Amino acid sequence: LGVVEDAPDGSPVTAPTVCPICGGPVHLETSDPSKENPEGVTSAYCDNYYCPGRLVSHLTYVGARSCLDIDGLGDVLAEQLVKGGLVYSLGSLWEWVEIAGQGLDQHGEDAFRDACNGEGYPGAQCISLIKGCRKAKTAGWDSWLMALGIPGLAKELSKSVAAHLALKPDDLPRLHERLLEIAPKQVEGLGVERLKEIGKWAMNPQTIEDLQTLYACGVRPECTVVIKEGPQPLAGEVILVTGDLGPDRDRLRKMLEDLGAVTKTSVSSKLTLILAGEGAGGSKLQKAEQLKIRVEGREWLVRVFESAGLTLESRGMDNIPDIDNGFDAL
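## Here we look at the sheet that holds strand 7 (residues 294-296)
And step 1. Strand order across the open sheet formed by 4 strands is 5-4-6-7, with parallel pairing between neighbours. On the outer flanks of this sheet lie strand 5 (262-264) and strand 7, each paired with one strand and no other. Sheet twist, expressed as the average angle between the axes of neighbouring strands with direction ignored, equals 35°.
And step 2. Direction of pairing for strand 4 (residues 238-242) relative to strand 5: parallel, over a ladder of 3 bridges. The residue of strand 5 that forms the bridge with Ile-239 is Thr-263.

Shown next, in the form of structure tokens:
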């Protein structure tokens, strides 16, 4: 519902006790004090998990670049989906994507766009939403902890929780149990009161249903824990990534860095390896040949991941096309 502040004339504002959208009770939460706000900031939000107003705001937040970065999931389409009865929770959004996506795949973009427009929904935006939700299935655990709407878990704290619990892709349906493992002060920023709120969220039957629904729809959050035990298989490697290897390039660089590599964005004599996928830059490969830098592809990546006890699937890369390591262009 927003932040509770004083009126412009300085008079206090009484916080709402009832949600104006669904009539449910309103919860007040005061953030920790800061230099800018010594008394903390009090926010008001509806306690009803299925409140349409709350859900529209939640979905808009989920689609933002700072969260899951889903193209098409803005406030207008979110409101249309909720008011139209197509989406009633976060999990149901991915259920809708599964069903609508089948129609998109079967009939093609033009026919799907026309059908959506005929029903009063923006067809092009719906297509972007489907593609964005599919891509977000393997977003990092830190982003998914934010997207799930867990009380108090903003970006940095989400990273800390994901690292502390060493969350894996298959932990999603039992995330509520994993969160209850955290004791006060084990994670900086998670004290008794905040953990109580997280526990309340974790024990909500609707939360558990959403987690199971998302998992059934193929959501597998990517592990974001840096491998620290034992030798790192890419220690000493200086790598440039070019071409398409499945996930977006920033995520792939992060994976390589987690395994000990240093990544670069341009070809130079400092490189020890170029990891090339489909559509790799010809000029970069030619320069690599001149500098006698070795070039590797998907099979090399498979071997590296296996040496670290990982799989491509666990890193959101199960659908990478086969890539020839020969590179005839060289």
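## Quick notes on the nonpolar core
And step 1. Grouped together as the largest cluster of nonpolar side chains are 57 residues, with contacts concentrated most on Leu-68, Trp-94, Trp-144 and Leu-175.
And step 2. If you tally residues by element for this core, the top one is helix 3 (residues 90-107), at 7 residues.
And step 3. Every residue in contact with Leu-175, bar those within four places of it in the chain, is listed here: Trp-141, Leu-145, Leu-148, Ile-150, Leu-167, Trp-201 and Leu-211.
And step 4. Counting residues in each nonpolar core, the second largest holds 15 residues, with Ala-261, Leu-273, Leu-275 and Trp-300 among its members.

## Comments concerning the packing of aromatic side chains
And step 1. Under the counting rule described, the total for this entry stands at 2 aromatic pairs.
And step 2. For the pair Trp-94 and Trp-144, a centre-to-centre distance of 5.2 Å together with 55° between the ring planes defines the contact as tilted. In this pair, Trp-94 sits in helix 3 while Trp-144 sits in helix 6 (residues 141-147), placing the two residues 50 residues apart along the sequence. Here Trp-94 matches Trp-144 in class, with each residue buried.

Cut-offs and rules
Residues numbered from 1 in each chain as written. Predicted model: local features only at pLDDT ≥ 70, side-chain atom pairs only at ≥ 80, totals over all residues. Heavy atoms only, no water. Pairing = 2+ DSSP bridges. Helix = DSSP H or I, 4+ residues; strand = E, 2+ residues; numbered from the N terminus. Axes fitted to C-alpha atoms, helices over the stretch in contact; angles between N-to-C directions. Core = buried A, V, L, I, M, F, W, Y, C linked by side-chain atoms within 4.5 Å. Buried < 20%, exposed > 50% of the residue type's maximum accessible area, 1.4 Å probe, protein only. Contact = heavy atoms within 4.5 Å. Phe/Tyr/Trp six-rings, centres within 6.5 Å; stacked < 30°, edge-to-face > 60°.

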